Amino acid sequence: MAGLPFNLNSPKQLGEVLFQKLKLPVVKKTPSGTPSTDEEVLQKLAEDYPLPKLLLDYRSLSKLKSTYTDKLPRMVNPSTGRVHTNYGQAIAVTGRLSSNDPNLQNIPVRTAEGRRIREAFIASPGNVIVSADYSQIELRIMAHLSGDEGMLRAFAAGEDIHRATASEIFGVPLAEVSGEQRRYAKVINFGLMYGMSVFGLAGNLGVERAAAQMYMDKYFQRFAGVRQFMDDVRQQAKSQGFVETVFGRRLWLPEINSPNGPRRQAAERAAINAPMQGTAADLIKLAMIAVQGWLDVHQLASRMVMQVHDELVLEVPDNELSLVKQELPSLMAGVAQLKVPLVAEVGAGSNWEEAH
DNA sequence: AGGTTAAGCGCG
DNA sequence: AAAGCGCGCTTAACCT
């Protein structure tokens, strides 16, 4: 094959072609000031030009090939025939584990092509892969920490939390929430947990800032406990210099009172998020201890093989499947009694994708 | 030859 | 000025 006259993997060369030669508009710039060619930019440009879509397809496929398809088979341990990750226990500031060499906490799942890679993670003969994950764990923790009446009620009733949020924001009955309204509510729910601003919300929803402000106002009007919680967390962070999880894990925030605006605001966003992300990390660690204890007591041959932040993956002999499927979710849900029920969902299959 | 940074993107 | 949290990996570009 004759190559292209430039390197597609070079943002610099690609930028020259797109923005100088082809004169496509510069949508945004990178921190160093060069025109960005990231996914968001190419999506925008794809509305008016044919080339960016092809670049996006190339990007996603080459990412899968270089990081997973080409790499993972080379990392199989010859003595076990398996890939073995390493977990970092004191890397992530929130208390999460991290995974490296290879990272098995970022195996693709969001696209059909990516899920084909997940299908390669298979159980040995006579075994199945069982996966159990906490449902909406961080939002449940937000409900617990804030004590917000509306959120507590929605979780107690077993409602779809994004649908329930949309129902409150848009003032329509649960059954009449539209797909778009639910999507908006989901963006708002996640955005809040990350300390997102009205500016960020507007960009994310693709609406005017005034409209985003209206959604935010409406949200805090209906979920006043959440606003109070966020104000309290910021205040505690500023006075004490740290925030805590439900179990007392601390995240120190040396820049929380910095005179540098952007740095201070970044610390405020981290302060908002850490109690939720960190409590979720504490909970799944407790779950790992509970699950292994249970496997030991019952002398089961099932093995815990992976942890992916809110998910535990086990390799389970066929004859233990029904027992494990029955017990795993309750073990995970039973590690703590919060103001909302914890829920874990379980699946099983011959490979990781099927178990999901 | 080997290390670091920038840009970009995979996951929760 | 920047505008959404936490990670790890790949490639290109640049540095010692």
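None of these values were measured; they are calculated from a predicted model.

So what's going on with the pattern of salt bridges? Residues and values would help.
In this structure the tally under the stated criterion is 15 salt bridges. The salt bridge partner of Lys 44 is Glu 47, with a shortest N-O separation of 3.8 Å. Between Glu 159 and Arg 153 there is a salt bridge, with the nearest N and O atoms lying 3.2 Å from each other. When salt bridges with common partners are traced through the structure, they connect Lys 28, Asp 38 and Glu 40 into a single cluster.

Lay out the sheet that holds strand S6 (residues 303-307) with the relevant residues and their values.
With respect to topology, 4 strands assemble into an open sheet ordered S6-S7-S3-S8, the strand pairing being antiparallel. In this open sheet, the two strands that pair with only one neighbour each are S6 and strand S8 (344-349). Between one strand axis and the next, the sheet turns through 25 degrees on average, direction left out of account. Note that strand S3 (residues 127-134) and strand S7 (residues 311-317) share 7 bridges and pair antiparallel. Bridge pairing in S7 links Val 130 to Leu 314.

Hey, could you go over the protein's contact with DNA strand B for me, with residue numbers and the actual values?
Neighbouring DNA strand B are 25 residues, the closest being Thr 30, Ser 32, Thr 37, Lys 63 and Val 109. Backbone sugar and phosphate groups make up 78% of those atoms of DNA strand B lying within 4 Å of the protein. A distance of 2.5 Å is found between a base oxygen of DNA strand B and a side-chain nitrogen or oxygen belonging to Lys 63. When residues in the surface near DNA strand B are grouped by element, the largest group, 4 residues, is from helix H3 (residues 51-69).

Describe helix H6 (residues 149-156), naming the residues involved and giving the relevant values.
Buried within H6 are the following residues: Met 151, Leu 152, Ala 154 and Phe 155. Looking down the long axis of H6, one finds its buried residues gathered within 165 degrees of arc, a one-sided arrangement. Structural note: H6 exposes Glu 149 and Ala 156 on the side pointing more than 90 degrees away from its buried face. Buried positions along H6 lie against helix H5 (137-146), helix H7 (161-170), helix H10 (209-222) and helix H11 (224-240). Once H6 finishes, Gly 158 follows within two positions and takes phi at roughly 70 degrees, a positive value.

Describe in detail the packing of aromatic side chains, supporting the description with residues and values.
One pass over the structure, following the stated rule, counts 6 aromatic pairs. Both rings, one in Phe 121 and one in Trp 352, keep their centres 5.4 Å apart while their planes meet at 70 degrees; by these two values the pair is edge-to-face. Taken together, the positions of Phe 121 in the loop between helix H4 (112-118) and S3 and Trp 352 in the segment after S8 put the pair 231 residues apart, joining distant regions of the chain. Like Phe 121, the residue Trp 352 is buried in the burial classification. Seen from their ring centres, Tyr 219 and Phe 220 are 5.5 Å apart, and the 85 degrees between their planes marks the pair as edge-to-face. Judged by relative accessible area, Phe 220 falls into the buried class, the value being 13%. Residue placement shows Arg 118 over the ring face of Trp 352; its charged tip is 4.1 Å from the ring centre. In this structure, Arg 250 packs its charged tip against the face of Phe 242, placed 4.1 Å from the ring centre.

Now, about the packing of H7 against H10: what can you tell me, with residues and values included?
At a minimum axis distance of 9 Å, the contact between H7 and H10 shows a crossing angle of 105 degrees. By the angle between their axes, H7 is roughly perpendicular relative to H10. Residues Thr 165, Glu 168, Ile 169 and Phe 170 of H7 pack against Tyr 215, Lys 218, Tyr 219 and Arg 222 of H10.

I'd like a rundown of the nonpolar core, residues and numbers included.
Membership of the largest hydrophobic core comes to 64 residues, with the highest contact counts inside it found for Met 142, Met 151 and Tyr 219. Considering every element that reaches this core, the biggest residue donor is helix H12 (residues 261-297), with 12 residues. Sequence-distant contacts of Met 142, defined by excluding residues within four places in its chain, comprise Gly 147, Met 151, Met 193, Tyr 219, Val 226, Met 230 and Met 276. With 14 residues, the next largest nonpolar core counts Leu 104, Ile 107, Ala 123 and Met 306 among its residues.

Quick one: what's the story with H3, residue by residue and with numbers?
For H3, built from 19 residues, the straight-helix expectation of 27 Å at 1.5 Å per residue is met to within 8% by its first-to-last C-alpha distance of 26 Å. The complete set of buried residues in H3 reads Pro 52, Leu 55, Leu 56, Leu 64 and Tyr 68. One face of H3 carries all of its buried residues, which in axial projection span an arc of 165 degrees. Exposed side chains of H3 directed beyond 90 degrees from the buried face belong to Leu 54 and Leu 61. Against helix H1 (11-21), helix H2 (39-46) and H4 lie the buried residues of H3.

An account of the protein's contact with DNA strand C is needed here, citing residue identities and associated values.
Around DNA strand C there are 31 residues in total, and Asn 7, Asp 101, Tyr 194, Asn 204 and Arg 269 lie nearest to it. Here, DNA strand C places atoms within 4 Å of the protein, and 69% of those atoms are sugar or phosphate. Within the backbone of Ser 197, one N or O atom sits 2.9 Å away from a phosphate oxygen of DNA strand C. Gly 200 is positioned such that a nitrogen or oxygen atom in its backbone is 3.5 Å from a phosphate oxygen of DNA strand C. If you tally residues by element for the surface near DNA strand C, the top one is H12, at 5 residues. Residues of the surface near DNA strand C, tallied by class, amount to 9 nonpolar, 17 polar and 5 charged.

Conventions we followed
- Residues numbered from 1 in each chain as written.
- Chains lettered and ligands numbered in written order.
- Predicted model: local features only at pLDDT ≥ 70, side-chain atom pairs only at ≥ 80, totals over all residues.
- Heavy atoms only, no water.
- Salt bridge = Lys/Arg side-chain N within 4 Å of Asp/Glu carboxyl O.
- Pairing = 2+ DSSP bridges.
- Helix = DSSP H or I, 4+ residues; strand = E, 2+ residues; numbered from the N terminus.
- Axes fitted to C-alpha atoms, helices over the stretch in contact; angles between N-to-C directions.
- Near = heavy atom within 4 Å.
- Polar contact = N/O pair within 3.5 Å; in protein donor to acceptor, adjacent residues only side chain to side chain.
- Buried < 20%, exposed > 50% of the residue type's maximum accessible area, 1.4 Å probe, protein only.
- Arc of directions from axis to C-beta.
- Contact = heavy atoms within 4.5 Å.
- Phe/Tyr/Trp six-rings, centres within 6.5 Å; stacked < 30°, edge-to-face > 60°.
- Lys NZ or Arg CZ within 6 Å of the ring centre and 35° of its normal.
- Parallel < 35°, antiparallel > 145°, perpendicular 65-115°, else oblique.
- Core = buried A, V, L, I, M, F, W, Y, C linked by side-chain atoms within 4.5 Å.
- Expected span 1.5 Å × (residues − 1).
- Nonpolar A, V, L, I, M, F, W, Y, C, P; charged D, E, K, R; others polar.

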